[in-house]
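Survey of secondary and tertiary structure
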Amino acid sequence: MLPVTAVAHLGLLVVSAVTTSGLAVASWRRRRQPGAWPFVGLMLATTVWTVSYAAGLVTPMYTARVFWEQMQWFGIPFVPLFLFLFFVTYAGYGELATTRTVVVLAVVPALTFLLVWTNPLHDLVWQGTVLRRTSGLVVASQTFGPGYWMNLFYTYLLVGGSICLLGVAIYRETHPFSRTSALLAAGIMVPLVANFASVFSLGPVEGLDMTPYAFTVTGLVFSRAIFDHRLFRHSPAVSRLGRHSTLAALEDGVLLVDSDGTVVSANDAAHIFDADPVGRPVASLLPVLPDDGDQPTMCTIDGRSYEVSASTIGEGVPIGTVYLLYDVTDRERRLAELQRQRAELDTLAGVNDIIRSVGRVLVTSSTHETIREGVCHQLSAAEPYTAAHFSSEARAETTVETVPSSKREAEPGAVRIAVPVVYGEATYGTLFVDRARDDDITDRELAILTELGENVGMALNAAEARRTLLSDSVVVIDYSLTANQSLLAEAAAAMGTELQLRGLVPLDGEALLVYVEDATDDKERLATWFRDQPTVTAVREVGDTVELRLTGNSPLHVLSQHGVRILSATADIEGFVVSVETASGTGVRSLTDALESVVGRVSVLAKRERTSADAEAGDPAGMTDRQRESLASAYHAGYFSWPRDSTAEEVADAMDIAPSTLHSHLRKGQAKLVESYLDETDDEQGR
């Protein structure tokens, strides 16, 4: 039975072994945290050292005792290796613990291990072992050889390096890392002092190795560091690696410059120069260097704009400077774009003011002359335009041109904008607008001017139609078109019949409602033929006529858009003859040119002038265009017949409007007709 002293010794060693082995298991579960895997190796090595030493203390036989001495060296040379690797990763320098580094550091421990197990051949580790009993324990005294001292020196070297790394961590980090680091320091220093005392015979019992006993303290303080202070989760590596990761992940460039002005470090975002900035003078990289606290400076590098700010490193005595390079290219582009848009909006606001003033001219003017004069006056009187005039020249689209040399002003950059004046297929020449500059012309401005040209064309067309209605004399023109120039003529030729145009109603979207009567009264066959035509979108049989919804460009579209009155139109197998009425003095040539631009050459059979007394009465009721179109569509569709040939819904569908809208137009139009009739009757009775 062992004495109480021996039991106490073995009890301490068992506690140490159980504690360190338990810590190895606990650390293995946290092996993905910084420093966990070398800590597992450290705890396993100390456990092997402690268990082997305890077994040797109760082994009196020499051969077995030497075996347990050798078994201790499965742990002794590797404890400082794992300790150093642990603090390398714990302190945040894990990038140094590469495979190559570990292999190099393991050379001495591996060589020592080999020498221990071959010691009987060379006695390089120890020379002879003397066993003696003390208080029930078998203590071995040895004379150490050069191999042992080599390992001891290497051990203290690695432990010293570990202490330095821990000191750096304690100095650099604040709470909550400081308490954990203090516990680690205690766990290292206690076994280090015990080992030093044992090696140099400073202990109470000669030959007794106190290092395994000290591992009991190591296990206890390390346990508290792991479980109470979350050793692996709250390590200095978290903050250090976090700072490095944050610096590397920054989209802004960072240059670390020493006191001599040389770049010593740069993150990936700072590699924007033609060569690696590290090692180069910062003055050669940045043209203007701001001081700490100054406003950031601007510089351009490789076509991009950067805002550079500076911050001094060090408290009291500056040791360097950090330069932050913030890429503001997109911001500068956005600012430039905002300035451009602001200038564009200012220009467009001025253009819109001009357009509104021109709109008032269009509303109040009733003749071509007053419309043209008013438009030119308004455009010439406002910036950025300097002059405007009309020309009979026809243009297909709005263009920007150079001002002719004879007209050019002294101001450079002056241009001329050519705006077509059109209404549908009707062309009224070109509006030329001179502009002071061309550097700020935008597509929106050109689009507004294009729309202005269309509005002027509409006003000219309305004035032309008004002149036709109110003129004292009118011109009647008879046109002849061939069978392939008119859809109605094609239909007549295909059907072998004669077709009469009974009504024409312009709709929105450049569509027409056309009412055609067949001389043979074969409406069903005629409707079937029209349904196969691509320019006819809807066909309906209405009373004695066939109703067509006609799209695209056709002679009927041209005549409608020029505001002329169609007196009659007949199509047969020989062609299409249409008789139109327009105001005297209206450009007959322009009407003919518009027809020929759509269908090719046409023949003018006759042109004659007559007074308004010979012409049909105009519209004395003062109806709007929509009211007149609605009444005409309803009339030609047989809505007013009894029984009705079409319902209001069918008429509204043909006009592509809501039935309620049609009813509103019909009621208002009928009211104006009745009012006009009653006023005329009263006038006749008064006379």
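Just so it is clear, the model here is predicted, and its values are computed rather than measured. (Residues numbered from 1 in each chain as written. Predicted model: local features only at pLDDT ≥ 70, side-chain atom pairs only at ≥ 80, totals over all residues. Heavy atoms only, no water.)

Re a nonpolar patch on the surface
- A contiguous nonpolar surface patch, about 320 Å² in accessible area, is contributed by Val48, Phe67, Phe74 and Trp117.
- Mapping Phe74 onto the fold places it in the loop between α3 (62-72) and α4 (78-90). (Patch = residues over 30% accessible without salt bridge, like charges linked within 9 Å, V, L, I, M, F, W, Y side chains within 5 Å. Areas by Shrake-Rupley, 256 points an atom, 1.4 Å probe, with all protein chains shown as cover. Salt bridge = Lys/Arg side-chain N within 4 Å of Asp/Glu carboxyl O. Helix = DSSP H or I, 4+ residues; strand = E, 2+ residues; numbered from the N terminus.)

Observations concerning unusual backbone geometry
- The phi dihedral of Asp123 falls on the positive side, at around 55°, and the residue is not glycine.
- Looking at the element boundaries, Asp123 is found in the loop between α7 (119-122) and β1 (126-134).

Here's the deal with the nonpolar core
- Counting residues in each nonpolar core, the largest one holds 40 residues, and the members touching the most others are Phe87 and Phe222.
- Core analysis: the second largest hydrophobic core is formed by 39 residues, Met495, Leu501, Val539 and Leu559 among them. (Core = buried A, V, L, I, M, F, W, Y, C linked by side-chain atoms within 4.5 Å. Buried < 20%, exposed > 50% of the residue type's maximum accessible area, 1.4 Å probe, protein only.)

Brief notes about helix α20 (residues 648-655)
- Every buried residue belonging to α20 is among Ala648, Val651, Ala652, Ala654 and Met655, and all of these are buried. The buried residues of α20 occupy an angular sector of 160° when projected down its axis, which confines them to one face.
- At the exit of α20 stands Asp656, carrying a positive phi of roughly 60°. (Arc of directions from axis to C-beta.)

What to know about the confidence of the model for the chain
- When pLDDT is averaged along the chain, the result is 80; 84% of the residues meet or exceed 70.
- No element of the chain has a lower mean pLDDT than helix α11 (residues 236-249), at 52, and none a higher one than helix α6 (residues 107-117), at 93.
- Per-residue pLDDT stays below 50 along residues 613-618; that stretch engages in seven contacts with residues further than four places along the chain or on separate chains. (pLDDT = per-residue confidence, 0-100. Contact = heavy atoms within 4.5 Å.)

A word on α4
- Helix length check: α4, at 13 residues, gives a terminal C-alpha distance of 18 Å against a target of 18 Å (1.5 Å per residue), a fit within 8%.
- Those residues of α4 not exposed but buried are Val79, Pro80, Leu81, Leu83, Phe84, Leu85, Phe86, Phe87, Val88, Thr89 and Tyr90. (Expected span 1.5 Å × (residues − 1).)

Here we look at the packing of aromatic side chains
- This model, assessed by the stated rule, comprises 16 aromatic pairs.
- Between Phe196 and Phe200, the ring centres sit 4.7 Å apart and the planes meet at 45°, which makes this aromatic pair tilted.
- On the basis of relative accessibility, which here comes to 42%, the residue Phe196 falls in the partly exposed class.
- Through a chain of ring-to-ring contacts, three or more aromatic side chains come together here, namely Phe67, Trp68, Phe74, Phe78, Phe113 and Trp117.
- One residue, Arg372, lies across the ring of Phe390, its end atom 5.6 Å from the ring centre.
- In this arrangement the basic side chain of Arg644 is found over the ring face of Tyr639, its NZ or CZ atom lying 4.1 Å from the centre. (Phe/Tyr/Trp six-rings, centres within 6.5 Å; stacked < 30°, edge-to-face > 60°. Lys NZ or Arg CZ within 6 Å of the ring centre and 35° of its normal.)

Side note on the sheet that holds strand β8 (residues 385-391)
- A sheet is described by the order of its strands in space; here four strands give the open sequence β8-β11-β10-β9, paired in antiparallel fashion. The open sheet has two edge strands with one neighbour each: β8 and β9 (399-402). Each adjacent strand pair in this sheet contributes to an overall mean axis angle of 25°, direction not counted.
- Alignment of strand β10 (residues 415-423) against strand β11 (residues 426-435), held across eight bridges, turns out to be antiparallel. (Pairing = 2+ DSSP bridges. Axes fitted to C-alpha atoms, helices over the stretch in contact; angles between N-to-C directions.)

Concerning the sheet that holds strand β7 (residues 320-327)
- If you walk across this open sheet you meet the five strands as β4-β3-β7-β6-β5, and the pairing is antiparallel. Of all the strands in the sheet, just β4 (263-266) and β5 (297-301) have a single pairing partner and so form its edges. For this sheet, the mean angle separating the axes of adjacent strands, direction not counted, is 30°.
- In terms of strand pairing, strand β3 (residues 253-258) meets β7 through six bridges, oriented antiparallel. Its bridge partner lying in β7, Asp258 is registered against Gly320.

Considerations on the layout of surface pockets
- Reported here for the second largest pocket is a volume of approximately 710 Å³.
- Around the second largest pocket, the lining is made up of 37 residues, and of these Trp49, Tyr148, Asn195, Asp209 and Thr211 lie nearest the centre.
- Elements represented by at least two residues in the lining of the second largest pocket include exactly α2 (36-57), α3, α4, β2 (137-144), α8 (146-172), α9 (177-199) and α10 (211-227).
- Top element by residues in the lining of the second largest pocket is α9. It accounts for seven residues.
- Among the residues making up the lining of the second largest pocket, the classes are represented as 21 nonpolar, 13 polar and three charged. (1 Å grid on protein atoms, 1.4 Å probe; cavity = no way out; pocket = protein on both sides within 12 Å on 5 of 7 lines; lining within 4 Å. Points joined across faces, edges and corners; volume = space filled by probe spheres on them. Nonpolar A, V, L, I, M, F, W, Y, C, P; charged D, E, K, R; others polar.)

Brief notes about the pairing of strand β17 (residues 565-572)
- Strand direction decides the pairing type here: strand β13 (residues 499-506) and β17, joined by two bridges, are antiparallel. If you follow Leu499 over to β17, its bridge partner there is Ala571.
- Inspection of the sheet shows β17 paired to strand β18 (residues 575-583) by seven bridges, in the antiparallel sense. Each residue of the ladder has a partner; that of Ala571, found in β18, is Phe576.
- Linking β17 back to β18 in an antiparallel pair, the connection comprises two residues.

A word on empty space enclosed by the protein
- The final tally for this structure, using the stated rule, is one cavity of 30 Å³ or more.
- When its volume is computed, the largest cavity comes out at roughly 70 Å³.
- Lining the largest cavity we find Ser486, Leu487, Leu488, Val514, Leu548, Leu550, Ser554, Pro555, Leu556 and Phe576.
- Residue assignment for the lining of the largest cavity shows that the elements contributing at least two residues are α15 (487-495), β16 (545-550) and α17 (555-561).
- For the lining of the largest cavity, the class distribution of residues is eight nonpolar, two polar and no charged.

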